[in-house]
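What follows is the residue order along each chain.
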Amino acid sequence: MQIEVRTARADDEVALARIDRLTWSSGGSPAPPPPPGAPFFGDRVGPGAVLVAEADGVVAGYVAVGNSLPVPAHRHVREIRGLAVDPDHVGHGIGRALVTAAVDREARAGTVKVTLRVLGPNAAARRVYEACGFEVEGVLRGEFRIDGHLVDDVLMATFPGSRR
Ligand SMILES: CC(C)(COP(=O)(O)OP(=O)(O)OC[C@H]1O[C@@H](n2cnc3c(N)ncnc32)[C@H](O)[C@@H]1OP(=O)(O)O)[C@@H](O)C(=O)NCCC(=O)NCCS
């Protein structure tokens, strides 16, 4: 399988909204499922903030990166805000390729630190992030109540410039 990662375009909207709908689960996100017909791109996430993976020419996943705090003192930090791979294409290294490309792009742009939040039980996502150099910085214990259970929110980060 040929995997190519590129910046998203506005005409990826339908494919990305579909992947968001297909991949939502309470194991991956504390937010409610996207309502039917919800647009993928919006004020918070535009095409320039998203990298798309194509598997043999078909959009198979995405990673979105943005600023987490709108203050100048935090400009050197960027946050992974979304990562999803079409269930038909999981387990082929697309998640890793996306996160690696996102971190490399941030490094080239001079970003000092890339952060993210992941649910404690989301083992596949945590494996991808660890493989891409992210380390756990802290755990917000019992941060969410999901399906009646308290679930940890794990804070991870990498410093791409220092290649730690
Ligand atoms: C998480 C996700 C993006 C991974 O995509 P992917 O293309 O399958 O990722 P990769 O193939 O690059 O790597 C998956 C890794 O997880 C591992 N893995 C898969 N299921 C696992 C599990 N239940 N427990 C532990 N590791 C698991 C795989 O073995 C692989 O690790 P390896 O390369 O060391 O063998 C995808 O499963 C997904 O879209 N999940 C739903 C959305 C989500 O949870 N997003 C993250 C929000 S923070």
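Only a predicted model underlies this, so the values are computations on that prediction, with no experimental measurement involved.

> Before we move on, could you go through the pairing of strand β7 (residues 149-158) and cite the residues and values that matter?
Sheet topology note: the strand β5 (residues 113-119)/β7 ladder contains 6 bridges and is antiparallel. Among the inter-strand pairings, Leu116 is bridged to a residue of β7, identified as Met156. Relative to β7, strand β6 (residues 135-146) runs antiparallel, the two being bridged by 8 bridges. Its bridge partner being in β7, Leu140 is matched across the sheet by Asp153.

> Residues and numbers for the site of the ligand, please.
Taken together, the neighbourhood of the ligand is formed by 21 residues, with Leu83, Gly91, Gly93, Asn122 and Arg127 sitting nearest. In this structure, an oxygen atom belonging to the ligand sits 3.4 Å away from a main-chain N or O atom of His92. Between the ligand and the protein, one listed contact pairs an oxygen atom with a backbone N or O atom of Gly93 at 2.8 Å. In isolation the ligand has 970 Å² of accessible area, and contact with the protein removes 67% of it. At the level of secondary structure, the elements contributing two or more residues to the shell around the ligand comprise β4 (77-85), α2 (94-108), β5 and α3 (123-131). Grouping the amino acids of the shell around the ligand by side-chain chemistry returns 11 nonpolar, 7 polar and 3 charged.

> Explain α2 to me, and be specific about the residues and the numbers.
Taking 1.5 Å as the rise per residue, α2 with 15 residues should run 21 Å; its terminal C-alpha atoms sit 21 Å apart, in good agreement. The complete set of buried residues in α2 reads Ile94, Gly95, Leu98, Val99, Ala102, Val103 and Glu106. Angularly, the buried residues of α2 cover 165° about the axis, an arc narrow enough to put them on a single face. Where α2 ends, the next residue or the one after it, Gly110, has phi of about 90°, a positive value.

Cut-offs used in this document
- Residues numbered from 1 in each chain as written.
- Predicted model: local features only at pLDDT ≥ 70, side-chain atom pairs only at ≥ 80, totals over all residues.
- Heavy atoms only, no water.
- Pairing = 2+ DSSP bridges.
- Helix = DSSP H or I, 4+ residues; strand = E, 2+ residues; numbered from the N terminus.
- Near = heavy atom within 4 Å.
- Polar contact = N/O pair within 3.5 Å; in protein donor to acceptor, adjacent residues only side chain to side chain.
- Areas by Shrake-Rupley, 256 points an atom, 1.4 Å probe, with all protein chains shown as cover.
- Nonpolar A, V, L, I, M, F, W, Y, C, P; charged D, E, K, R; others polar.
- Expected span 1.5 Å × (residues − 1).
- Buried < 20%, exposed > 50% of the residue type's maximum accessible area, 1.4 Å probe, protein only.
- Arc of directions from axis to C-beta.

So far we have only geometry, and geometry alone does not tell us how the molecule works.
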